[in-house]
Amino acid sequence: MGNQSSRISNLLLQALDDLLQEDFRRFKDELSHSDFRGKGRIPRGRLENADRIDTKNFLMDFYGADAAVDVTIEVFTRVNLRDAAARLREERQKALGPDQTHGRRAAGYREKYTAHVQDKYGVIKDRNSLLGENVILDSRYTKLIIVKETRARKERQHEIMASGQRHAEIMSEQKRSITIGDLFAADEKGKTPRIAVLLGAAGIGKTLTAKKIMFDWAAGKLYKKFDYVFYINCREVNFDTEQGSVADLMLRNCPDRYAPIEAMLGNPETLLFIIDGFDELRFSLVQPEKSLCSDPQEKKPMEIVLSSLVQKKVLEKCSLLVTTRPAAVEELGQCLNNERYAEILGFSETERREYFDKYFGDEGTARKALNFVKANEMLFTMCFVPVVCWIVCSVIKQQMDEGEELAQTSTTVTGVYLLYLYNLLRDPRSKSKQLLQTNLKGLCSLAADGVCRQKILFEAEELKKHGLDTSDSLFLNENLFHKSTDCECLYSFIHLSFQEFFAALFYALEEEAAAVDKGSGNDIKALAALLANYGKSRNHLMLTVRFLFGLLNEERMKDIEKKLSCKMSLKIKPELLKWIKTKPQRPWDLHGQRSGFSSPAEELDQLEEFHCLYEIQDEKFVQSALSHLTAVKLSYHIFTQMDQEVLAFCVRNCHQLESLLLDACEFRYEGLNEDVSRSQKLPPLEQETHSSIYLLCQALKDPRCNVKKLRLWDCRLTPACCGDLAAALSTSPSLTELDLSYNSDLGAGGVRLLCEGLRHPSCKLQTLRLQRCNLTPACCGHLAAALSTSPSLTELHLNGNHDLGAGSVRLLCKGLRHPSCKLQTLRLQWCNLTPACCGDLAAALSTSPSLTELDLSYNKGLGAGGVRLLCKGLRHPSCKLQTLRLSLCGLNAETKQELEDVKGMKPGLVIEVLEVD
């Protein structure tokens, strides 16, 4: 120990001796004015005339040998002597070694730190519990569905789309369910990411998941490779007006100021920073590179510090986990490199059941509540969002506690939030009604002000500006607004989504909206400005606008006026209709073609607009709002059941929609046959064939639906999906083109079901595309049967099915030769066809009643013999073919001449021979 103290003494003296006299004076001045490690200050009088030796001794006596070096490095950094700080850091490591320098103290502190984290994150404040009541995190936390998105960079997705390389890249990059522990696991190539982004919609459980990670790490259950995990709350960072450093962010997590920061910083690869709520930041992290810092002790404005951390300009080898709403991911992506993306989808049906069990605590009560909710299928669907699930449970529990029959349900998210509000008003044990009527306008204006300024935490003065009284303890103990659990001197709504709900209510209230329009609404934007900003930046206005639509349902407006004693504005609804009708239409044509590519955020704006229209539940309004829309295209989206309900609703009500293009999307739907009570409502056939696209297919069958083209590229369709599509084909009033390309799991069973729909007398389908679907001879047998009886099919595209073989072609040709076959175009590019296939094709050419176009290009194996057989069929007097496409590969001069002779015999026949390598 004595030797170590002596070495530290020499290091400190050398570091002070290297300073210029002016720098030494600045060092002593800063040292005398600062409180390091919570130990107070070295008296200024002792330092004023101290030389370098005296100053070194004061440091060691006051802070102890180990901490004295840390303090000296920190003071060097504060007075902008970063070179001196770096030298001292380096010399200490050389002289003492990292283990000897910090090992013992760091190891001891880690134990203290993990205990602190377990205490802090092991309990959570239940949103509607009494003051001071908490619940154990593990008793309430319920597992969420999380999927990994390896196609993280959306620009690359669109490059793939543009280059036509879909079959290889996209099919090898499918989403898959993962656990929290997989976020930093090695991928298939053994590569471990240092940055993970966890996406999730409002109320989906991002923050609770972040806190669960903190607790599980501290308990030794998760991420054991990290020595320290630090939680950074972005809403708190917004209030940092003073300069700070990465080290300061770390110290905020610690139980005291004695943390061995130098030891922690010495091993950045063992540090994980959780940055929770990126979308809530009120500043951009896209900062000029020259302003970023590389020293973790350097103090700068917090936007620079956080940007430096996220962009890996400081602590390059540390790991980051960032949570955000999807709307902000594009901006976040500008700051990141080599990140891994995952998305929280919410609760599965099983997890919803588990949540009800945990919330009610009693199995019988939980079952009663769950059965009530499941009787309203839409309400049960909405419970996939944890915050909605909590609201529903809260309302039901209150009704049960009052001994009432369970009543009041809703089919929209807005309705669920209103239901919660109404239940507070009718609670006989609460003064909620009086308090809410007194404070409603203040809560609404505060919420709107916060949404416009992207502010979530409020100081007491801000509340007073909006007429809210922080001294009223009853008001602060209500279940809408309270002191922040993270910052005791600040206030917040119980959840950000409640703030967005009250902001929407502000714009819907006649008196409040009029006040803003006249310019007397604090910093609140007028509705026109709110809508003009929608879709910009992080789209922080999305949920507010969605709620606003939901509040303007006519029945709901009457209910609000009656129960909240306030007047709703009649001007807002026409304004919203005008706004949504005049938004620029996406420049997709009916085939999904356009010049250039939109960003994922822009593309998903369409689905978000559909959610808004679903909330209003006014068919006349929706039909008018969508009257301009002819084509919709969405890519790389995971459709929850709620998304599908919304899409189906708009497909039914968009009477001009002709083309629906869904590329590389995934559909998640609670199987109807898993729930007897619901499946009994369906006919036996539909019970057997329901699938993940059941809701979409139901919409396609609606008499009002006008969709002509449906494309479901690479959507992981199953045989059951084909059953639902078959039902749609047999009853759809308009569907004439179906493209299921790049779905490799259809199988013979799926094709059989699909063909049953094709053969139905009411089927109007003219074009079917099954490109790169791994079709087998059995599949072709079903297609052949459909060709012989389909009332309308004229085009069949089977490109890229490499394993068809001669047997498959023989079966197809049998269907082509049938007198009732109406097929005019058959495409078999890239199908590895052989000369043996050409004999059957030649026979089909000579007898087919309708075939006019045959595409056999990119089949290198046909060879001269195969082409000669084709020429025999082409010469037949009954051959009606007008266009034949071949590849030049393997053709000799004699065969080429034979093709020329055929063209001479039939001047109307076009034979295109492509040059290929």
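Source: prediction; values computed, not measured.

How each quantity is defined
- Residues numbered from 1 in each chain as written.
- Predicted model: local features only at pLDDT ≥ 70, side-chain atom pairs only at ≥ 80, totals over all residues.
- Heavy atoms only, no water.
- Helix = DSSP H or I, 4+ residues; strand = E, 2+ residues; numbered from the N terminus.
- Buried < 20%, exposed > 50% of the residue type's maximum accessible area, 1.4 Å probe, protein only.
- Contact = heavy atoms within 4.5 Å.
- Core = buried A, V, L, I, M, F, W, Y, C linked by side-chain atoms within 4.5 Å.
- Phe/Tyr/Trp six-rings, centres within 6.5 Å; stacked < 30°, edge-to-face > 60°.
- Lys NZ or Arg CZ within 6 Å of the ring centre and 35° of its normal.
- Pairing = 2+ DSSP bridges.
- Expected span 1.5 Å × (residues − 1).
- pLDDT = per-residue confidence, 0-100.
- Axes fitted to C-alpha atoms, helices over the stretch in contact; angles between N-to-C directions.
- Parallel < 35°, antiparallel > 145°, perpendicular 65-115°, else oblique.
- Left-handed = near helix turned anticlockwise from the far one by under 90°.
- Nonpolar A, V, L, I, M, F, W, Y, C, P; charged D, E, K, R; others polar.
- Right-handed = clockwise from strand over helix to strand, strands pointing away.
- Salt bridge = Lys/Arg side-chain N within 4 Å of Asp/Glu carboxyl O.
- Disulfide = S-S within 2.5 Å.
- Polar contact = N/O pair within 3.5 Å; in protein donor to acceptor, adjacent residues only side chain to side chain.

Let us now look at the overall build of the protein. Along its length, the protein carries 43 helices and 23 strands. When each of the 917 residues of the protein is scored for burial, the buried share is 59%. A separation of at least 24 residues holds for 78% of the contacts in the protein among residues at least 6 apart in sequence.

On to the nonpolar core. Core analysis: the largest hydrophobic core is formed by 261 residues, its most contacted members being F273, F502 and L712. Residue contacts for F502: discarding those within four places in its chain leaves L421, L440, L443, C444, A447, L480 and F493. Of all hydrophobic cores here, the second largest spans 29 residues; its members include A67, V71, V79 and A85.

With the rule as written, the count across this model stands at 30 aromatic pairs. Above the plane of the ring of F24 lies R52, whose end atom (NZ or CZ) is 4.5 Å from the centre.

This part is about the pairing of strand β5 (residues 195-199). In regular strands, side chains alternate between the two faces of the sheet. For β5, the tally of buried residues reaches five of five residues, placing the bulk of the element in the interior. Neither face of β5 is left uncovered, since the one carrying I195, V197 and L199 and the one carrying A196 and L198 both have all their residues buried. Where β5 lies against strand β8 (residues 319-324), five bridges are found, and the strand directions are parallel. By the bridge assignment, A196 is partnered in β8 with L321. Both β5 and strand β9 (residues 340-346) contribute to a ladder of four bridges, which runs parallel. Bridge pairing links L198 to A342 in β9.

When the terminal C-alpha atoms of helix α37 (residues 719-731) are compared, their 19 Å separation across 13 residues agrees well with the 18 Å that a helix rising 1.5 Å per residue should span. Within α37, the full set of buried residues consists of C721, C722, G723, D724, L725, A726, A728, L729 and S730.

Per-residue confidence for the protein gives a mean pLDDT of 83, with 84% of residues at or over 70. Counted against residues more than four places away or in other chains, residues 150-175, with its pLDDT under 50, gives 60 contacts. The low-confidence segment residues 671-689, where pLDDT is below 50, has 28 contacts with residues more than four positions distant or belonging to other chains.

Turning next to the packing of helix α25 (residues 496-508) against helix α28 (residues 542-551). A packed helix pair is summarised by two numbers, namely the angle formed by the two axes and the spacing between the axes. Relative to each other, α25 and α28 sit at 50°, their axes nearing to 8 Å. Compared by their axis directions, α25 and α28 come out oblique. Crossing of α25 against α28: the hand is right-handed. Here S497, E500, F501, A503, A504, L505, Y507 and A508 of α25 come into contact with α28, specifically with L543, T544, F547, L548 and L551. Of the residues that constitute the contact of α25 with α28, the class distribution is 10 nonpolar, two polar and one charged.

Next up on the list: the sheet that holds strand β23 (residues 910-914). The strand order β12-β14-β16-β17-β18-β19-β20-β21-β22-β23 describes an open sheet built from 10 strands, whose pairing is parallel. Of all strands in the sheet, those bounded by a partner on one side alone are β12 (631-635) and β23. Here the average twist between neighbouring strands, direction ignored, is 5°. Summarising the sheet, strand β17 (residues 737-739) and strand β18 (residues 767-769) pair through three bridges and their orientation is parallel. Within β18, the residue paired with E737 across the bridge is T767.

What follows deals with the pairing of strand β22 (residues 883-887). The buried fraction of β22 amounts to five of the five residues, a majority that puts the element mostly inside the structure. The two faces of β22 match: T883, R885 and S887 on one face and L884 and L886 on the other face are all buried. Both strand β21 (residues 853-855) and β22 contribute to a ladder of three bridges, which runs parallel. Residue pairing in the sheet places E853 in a bridge with T883 of β22. Remark: the β21/helix α42 (residues 863-875)/β22 crossover connection has right-handed handedness. Bridging between β22 and β23 involves five bridges; their strand directions are parallel.

Attention now moves to the pattern of salt bridges. Tallied over the full model, the rule gives 44 salt bridges. Between R353 and E349 there is a salt bridge, with its nearest N and O atoms 2.8 Å apart. Taken as a pair, R353 and E349 lie in helix α17 (residues 349-360) at a separation of four residues, close to a single helical turn. Residue classification places R353 among the partly exposed positions, given a relative accessible area of 26%. What makes E349 buried here is its relative accessible area of 4%. Across the salt bridge formed by K563 and D559, the nearest N and O atoms sit 3.5 Å from each other.

With that settled, the discussion passes to the environment of G40. On the secondary structure map, G40 appears in the loop between α2 (21-33) and α3 (44-48). Along the primary structure G40 and F62 are separated by 22 residues, whereas in three dimensions their C-alpha atoms are 9.5 Å apart.

For the coordinates displayed, the defined rule picks out zero disulfides. You can see C715 has no disulfide; the closest cysteine sulfur is in C665, sitting 5.1 Å from it.

Attention now moves to helix α38 (residues 747-758). Under the 1.5 Å per step criterion, the end-to-end length of α38 is 17 Å for 12 residues, consistent within 8% with the ideal 16 Å. At its buried positions, α38 is contacted by α37, β17, β18 and α39 (777-789).

Right, let's get into the environment of L647. As for its placement among the helices and strands, L647 is situated in helix α33 (residues 641-653). L647 gets classed as buried once you look at its relative accessible area, which sits at 2%. Considered as a pair, L647 and L696 are 49 residues apart in the sequence and their alpha carbons are 7.3 Å apart. The contact partners of L647, leaving out residues within four places of it in the chain, are F610, F639, L660, L662 and L696.

Time to look at the side chain of S848. By the element assignment, S848 lies in the loop between α41 (835-847) and β21. A relative accessible area of 2% means that S848 is categorised as buried. A polar side-chain atom of S848 sits 3.1 Å from the main-chain amide nitrogen of L851. When near neighbours in sequence (up to four residues on either side) are disregarded, S848 contacts L816, R817 and K880.

Turning our eyes to something else, we now look at unusual backbone geometry. Positive phi values are uncommon outside glycine, yet R772 reaches one of about 55°. Tracing the backbone through its elements, the reader meets R772 in the loop between β18 and α39.

Right, let's get into the packing of helix α4 (residues 52-63) against helix α5 (residues 65-78). Where α4 contacts α5, the two axes come as close as 7 Å, and the packing angle between them is 120°. By the angle class used here, α4 and α5 are oblique. Considering only the axes of α4 and α5, their crossing is right-handed. Contact residues: L59, M60 and Y63 in α4; A65, A67, A68, V71 and T72 in α5. Residue classes in the contact of α4 with α5 are distributed as seven nonpolar, one polar and no charged.

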